[in-house]
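# Commentary on secondary and tertiary structure
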Amino acid sequence: MENSDIENKDKLLLLIDFNLADTLNNVAELSDTKKAQLKNWLFEQDDFDERTLRMYINFIPIYDLKSNLKIGKKVAEKLKGTTETRKQEELLGVIINILIVCIEQGAYDETGYFVQAAEHIRTVPKLFFYKNMLVFLENMINEHFDHQEEYVAKCQWAIKNFDLLGMPEYGKEAERFFNEYQ
């Protein structure tokens, strides 16, 4: 058996482990070794299909900020200009998660590229949740740089939108995040 066959088999087994953990909603319980293997494999990707993007979104918290910024920019460059709603949804998921990490780590200067990338995606009903989340995060970032009450008010409206649309759990989580990082 050739070395590449063994590598492909190992990669396939690793992807099966991830898909099983993802289906059972326990990705966090993967071993540190498997997480490291997936992290390395994802870092080297240039082609981000739906499965790879879902994997990356799940692993954003285990990457350091520098790696997330590099991978996030690769994803944004790859998917910019797409008109497929599903790919736009995936891109917004990546952007939102990276913005959250930036805010949590106080890396506000790193957010501009991602905010701008998100602005190029048209708002359609299927993307409303993501766009509402972006309004929330963008205004938190704006408030950090320019302490104006209008940004706080927009954050509060975005939180209320979650409640109005029947997603109070997201509203409570957004409010907790806002109170912690404002």
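Throughout, residues of each chain are indexed from 1 in the direction in which the sequence is written. For a predicted model such as this one, the threshold for reporting local features is a pLDDT of at least 70, and the threshold for listing and counting side-chain atom pairs is 80 or more; totals across whole chains, interfaces and linings nevertheless cover every residue. With hydrogens and water stripped out, all remaining heavy atoms of the structure feed into the side-chain values.

Here we take up the environment of phenylalanine 177. Residue position: phenylalanine 177 is located in helix H9 (residues 168-181). In this structure, the C-alpha to C-alpha distance between phenylalanine 177 and tyrosine 113, residues 64 residues apart in sequence, is 22 Å. When neighbours within four sequence positions are excluded, phenylalanine 177 is seen to be in contact with Ile100, Ile103, Glu104, Phe136, Leu137 and Met140. Under the scheme used here, helices are H or I runs from DSSP no shorter than 4 residues and strands are E runs no shorter than 2 residues, and both carry numbers assigned from the N terminus. The contact criterion used is simple: two residues touch if any of their non-hydrogen atoms lie within 4.5 Å.

Attention now moves to the nonpolar core. Remark: nonpolar core denotes a set of buried residues (Ala, Val, Leu, Ile, Met, Phe, Trp, Tyr, Cys) joined through side-chain atoms within 4.5 Å. Burial status follows relative accessibility: with a 1.4 Å probe on protein chains alone, a residue under 20% of its type maximum counts as buried, one over 50% as exposed, and anything between as partly exposed. Counting 57 residues, the largest nonpolar core has Phe136 and Leu137 as the members making the most contacts within it. Take this core: its biggest share by element is eleven residues, from helix H5 (residues 85-104). Leaving out residues up to four positions away in the same chain, leucine 137 has contacts with Ile96, Leu99, Ile100, Ile103 and Phe177.

Another aspect to go through is the confidence of the model for the chain. Each residue carries a pLDDT value, the predictor's own confidence for that position, ranging from 0 to 100. Confidence along the chain averages 88 in pLDDT terms, with 96% of residues attaining 70 or more. Mean pLDDT in the chain bottoms out at helix H1 (residues 3-23), which sits at 74, and peaks at helix H7 (residues 128-145), which reaches 96.

Moving on, we get to helix H3 (residues 50-59). Among all positions of H3, only Thr52, Leu53, Met55, Tyr56 and Phe59 are buried. Down the axis, H3 shows its buried residues gathered within 160° of arc, on one side only. The arc under discussion is defined with respect to the helix axis, by the directions toward the C-beta atoms.

The subject of this paragraph is the side chain of glutamate 143. When you line up the elements, glutamate 143 lands in helix H7. Working convention for charge: Lys and Arg count positive, Asp and Glu count negative, and His plus the chain ends are omitted. The term salt bridge refers to a pairing of a side-chain nitrogen on Lys or Arg with a carboxyl oxygen on Asp or Glu at a separation within 4 Å. In this structure glutamate 143 is buried but unpaired, with lysine 154 as the nearest side chain of opposite charge at 13 Å. In this structure, glutamate 143 is in contact with Gln148, Tyr151, Val152 and Gln182, ignoring residues within four places of it in sequence.

A few words now on the packing of helix H4 (residues 65-79) against H5. In this analysis, axes come from line fits to C-alpha atoms, helices being fitted only over the stretch in contact, and the angle between any two N-to-C directions falls in the range 0 to 180 degrees. Where H4 contacts H5, the two axes come as close as 10 Å, and the packing angle between them is 155°. The angle between the axes of H4 and H5 places the two elements in the roughly antiparallel class. Considering only the axes of H4 and H5, their crossing is left-handed. Taking contact as the criterion, the partners of Leu65, Asn68, Leu69, Gly72, Val75, Ala76 and Leu79 in H4 are, on H5, Lys87, Leu91, Val94, Ile98, Val101 and Cys102. Lys, Arg, Asp and Glu make up the charged group, whereas Ala, Val, Leu, Ile, Met, Phe, Trp, Tyr, Cys and Pro make up the nonpolar group; the residues left over, Gly among them, are polar. A per-class count over the contact of H4 with H5 returns ten nonpolar, two polar and one charged. What sets the label is the angle itself: under 35 degrees gives roughly parallel, over 145 gives roughly antiparallel, 65 to 115 gives roughly perpendicular, and the rest give oblique. Helix crossings are classified by the rotation of the near helix relative to the far one: an anticlockwise turn of less than a right angle makes the crossing left-handed, while a clockwise turn makes it right-handed.

With that out of the way, let us pick up the pattern of salt bridges. Within this structure, the stated rule accounts for eight salt bridges. Arginine 86 is the salt-bridge partner of glutamate 50, the closest N and O atoms lying 3.2 Å from each other. A residue pair is termed long-range when its members are at least 10 positions apart, and glutamate 50 in helix H3 and arginine 86 in helix H5 qualify at 36 residues. Judged by its relative accessible area of 40%, glutamate 50 is partly exposed. Taking the relative accessible area as the measure of exposure, arginine 86 reaches 36% and is therefore partly exposed. Between arginine 86 and glutamate 89 there is a salt bridge, with the nearest N and O atoms lying 3.4 Å from each other.

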